[in-house]
Amino acid sequence: MEAQRVTHTIEPVFDAGSRVLVLGTMPSPASRAAGFYYGHPQNRFWRVMERLFGLPDRALSENGPRTAFLLEHGIALWDVLASCSIAGASDASIADPVPNDLARILDAAPIGRVFTTGGTAARLCRRFDGELLAQRGIELCALPSTSPANARMRLDDLVEAYRPVAEAVRGAHAARPEAAGSGTSGTAGKAAADGLTGDGVSEAAGKAAKSELRRIVLARREAIPARERAERSRELCRGLERELDALPARPTISVYAAMGPEVDLAAFVDAAYRRGARVAFPCMERCPDTAGGRRQRMVMRLVAEADLRTGTVAFVEHPVASSSPDPERFPLVAPGEIDLALIPLVAFDAAGRRLGYGGGNYDRYLPLLRPDCRIAGVAFAEQRVGSVPVEAHDRTLPRIVIC
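Residues numbered from 1 in each chain as written. Predicted model: local features only at pLDDT ≥ 70, side-chain atom pairs only at ≥ 80, totals over all residues. Heavy atoms only, no water.

Participant: Outline the side chain of R44, supporting the account with residue identities and numerical values.
Facilitator: Checked against the element boundaries, R44 lands in the loop between helix 1 (29-34) and helix 2 (45-52). Look at R44: it is buried, it has no salt bridge, and the nearest opposite charge is D157 at 7.5 Å. (Helix = DSSP H or I, 4+ residues; strand = E, 2+ residues; numbered from the N terminus. Buried < 20%, exposed > 50% of the residue type's maximum accessible area, 1.4 Å probe, protein only. Lys, Arg positive; Asp, Glu negative; His and termini not counted. Salt bridge = Lys/Arg side-chain N within 4 Å of Asp/Glu carboxyl O.)

Participant: Kindly report on the confidence of the model for the protein chain, identifying the contributing residues and their values.
Facilitator: Here the protein chain shows a mean pLDDT of 85. Residues at 70 or above account for 88%. Of all secondary-structure elements in the protein chain, the lowest mean pLDDT belongs to helix 8 (residues 186-194), at 34, while strand 8 (residues 252-254) reaches the highest, 97. The low-confidence segment residues 176-201 (pLDDT under 50) makes 42 contacts with residues lying over four places distant or belonging to another chain. (pLDDT = per-residue confidence, 0-100. Contact = heavy atoms within 4.5 Å.)

Participant: Any chance you could break down the pattern of salt bridges for me, citing the residues and the numbers?
Facilitator: As enumerated under the stated definition, the model contains 25 salt bridges in all. Its salt-bridge partner being E231, residue R234 comes within 3.0 Å of it at the nearest N-O pair. Pair noted here: R234 and E231 are both in helix 10 (residues 226-245), with a separation of three residues, about one helical turn. Among the residues examined, E231 registers a relative accessible area of 34% and is labelled partly exposed. Taken together, the salt bridges that share partners define one network made up of E228, R232 and E382.

Participant: Just give me the short version of the environment of H40, but keep the residues and values in it.
Facilitator: Structurally, the position occupied by H40 is in the loop between helix 1 and helix 2. Excluding its chain neighbours within four sequence positions, the residues that come into contact with H40 are A30, S31 and P148. Only 2.9 Å separates the side chain of H40 from the backbone nitrogen of Q42, close enough to count as a polar contact. (Polar contact = N/O pair within 3.5 Å; in protein donor to acceptor, adjacent residues only side chain to side chain.)

Participant: Let's hear about the environment of V346: which residues, and what values?
Facilitator: Of note, V346 is situated in the loop between strand 12 (340-344) and strand 13 (347-348). Separated by 125 residues in sequence, V346 and R221 have C-alpha atoms that sit 8.8 Å apart. For V346, the contacting residues outside a window of four places in its chain are R214, V217, L218, L355, G356, Y357 and Q383.

Participant: Residues and numbers for unusual backbone geometry, please.
Facilitator: The phi dihedral of Y38 is positive, around 55 degrees, even though this residue is not glycine. Tracing the backbone through its elements, the reader meets Y38 in the loop between helix 1 and helix 2. If you check the backbone angles, R58 has positive phi at about 65 degrees while not being a glycine. When you line up the elements, R58 lands in the loop between helix 2 and helix 3 (63-72). With a relative accessible area of 53%, R58 lands in the exposed category.

Participant: Explain the packing of aromatic side chains to me, and be specific about the residues and the numbers.
Facilitator: Using the criterion set out here, one finds seven aromatic pairs in the structure. With a centroid separation of 6.4 Å and 80 degrees between ring planes, the pair formed by F45 and Y162 is classed as edge-to-face. One end of the pair, F45, is in helix 2; the other, Y162, is in the loop between helix 6 (155-161) and helix 7 (163-175), with 117 residues separating them in the sequence. Note on F45: relative accessible area 1%, which makes it buried. Overall, the relative accessible area of 0% leaves Y162 in the buried class. Seen from their ring centres, F53 and F69 are 5.2 Å apart, and the 80 degrees between their planes marks the pair as edge-to-face. Linking F53 in the loop between helix 2 and helix 3 with F69 in helix 3, this pair joins segments that are 16 residues apart in sequence. Under the relative-accessibility criterion, F53 is labelled buried at 11%. Under the relative-accessibility criterion, F69 is labelled buried at 4%. (Phe/Tyr/Trp six-rings, centres within 6.5 Å; stacked < 30°, edge-to-face > 60°.)

Participant: Break down the sheet that holds strand 4 (residues 81-86) for me, with residues and values.
Facilitator: Taken in spatial order, the three strands line up as 1-4-5 in an open sheet, and their pairing is antiparallel. Both edges of this open sheet fall to strand 1 (4-7) and strand 5 (95-99), since each of them pairs with a single strand only. For this sheet, the mean inter-axis angle between neighbouring strands, taken without regard to orientation, is 10 degrees. Where strand 1 lies against strand 4, four bridges are found, and the strand directions are antiparallel. Across the sheet, the residue bridging to Q4 is I86, located in strand 4. Sheet strands in contact with helix 5 (residues 119-135) are strand 4 and strand 5, and its direction is about 55 degrees off that of strand 5. (Pairing = 2+ DSSP bridges. Axes fitted to C-alpha atoms, helices over the stretch in contact; angles between N-to-C directions.)

Participant: Please set out the environment of Y362 residue by residue, giving values where relevant.
Facilitator: Note that Y362 resides in helix 14 (residues 361-365). Y362 sits 33 residues away from R395 along the chain, and the two C-alpha atoms are 8.2 Å apart. Not counting residues up to four positions away in its chain, the partners in contact with Y362 are Y256, P282, M298, M300, I343, P344, R354 and P367.

Participant: Please set out the packing of helix 10 against helix 11 (residues 266-274) residue by residue, giving values where relevant.
Facilitator: Direction vectors running N to C along helix 10 and helix 11 enclose 30 degrees, while the axes themselves pass 9 Å from each other. Classified by the angle between their axes, helix 10 and helix 11 sit roughly parallel to one another. In the packing of helix 10 onto helix 11, the handedness of the crossing is right-handed. Contacts between helix 10 and helix 11 involve C237, L240, E241 and L244 from the former and A267, F268, A271, A272 and R274 from the latter. When grouped by side-chain class, the residues that make up the contact of helix 10 with helix 11 number seven nonpolar, no polar and two charged. (Parallel < 35°, antiparallel > 145°, perpendicular 65-115°, else oblique. Left-handed = near helix turned anticlockwise from the far one by under 90°. Nonpolar A, V, L, I, M, F, W, Y, C, P; charged D, E, K, R; others polar.)

Here you go:
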């Protein structure tokens, strides 16, 4: 393959909250076609991020969720080079490289560490940016390539190699003043301090405040020791068992499977099956939209106890991944059938305002439930904040069950 002159056309991803910067060399032809970084279907960068941060498989399969993930976790993403001559995606063929100006990001965000993906990116970064990083006291860490060309490294090996990225992100969040205690500052803190809710927060300000608040609260939740999280989850489940006494015979309940450090409802689900309840889990399905395209919506599907015990029901463990489960084995549950709905969340306040993960799935689903459906958010006490900024589409919860 002949080399051609390639100019970088993909905008960097960063904001004022970015704490680490990840640099590749130059977008591959597949990435340029996809309009985003690490766009080759066999590149494992996004799979590594999913594993490192406890996300479901394919949660980061599309560019929108990828961008949201990066900004929420304080990760800036760009490449070392602005242009070069290159044959296909072969870094070894790079000639006449021209660097990007990293000061664009370093001047806008308090970057503490820079990570490079692959040996060529590390070599070029040291060549063009080593002095700049040294002047600013920013550590440079070289990581292996996630390209399919790096076949000698398994996915598990790459996850371990990239663990310093997650540690740097968490360390940066923990070091920020607003991550300690129960107070808030920054954009989210200002919205809370001003008491702005509903129309009091513009769409842009609301999204920025939510992103900041997610950072703070997720760090708090992750800081709870795993053994303590498990015990507190079991205690909450014992309290929830009493909810079953107030429901009709053989009730239908909707729950969720805990992702990462969420409150784990497994003990409650066991109790519900013992009492003959029909248990439904969220599942994402694709459907047509008004523009003639395809979008995702959340539905609930029944899962029998025997099926759940196999641990092989894909949409239970990974509800955000597109899936097409057997409709006879996992029948759809109409919202009007649900007697009790337990809702996961990131943060909540005393007024029942809920902050989710940003997809809006429960905000769209909650209005479909019956007026007499018992609805409760589920959270650790550390997830409570002074005020959750809301937008017009956000739904409050009538009750939050905490442990």
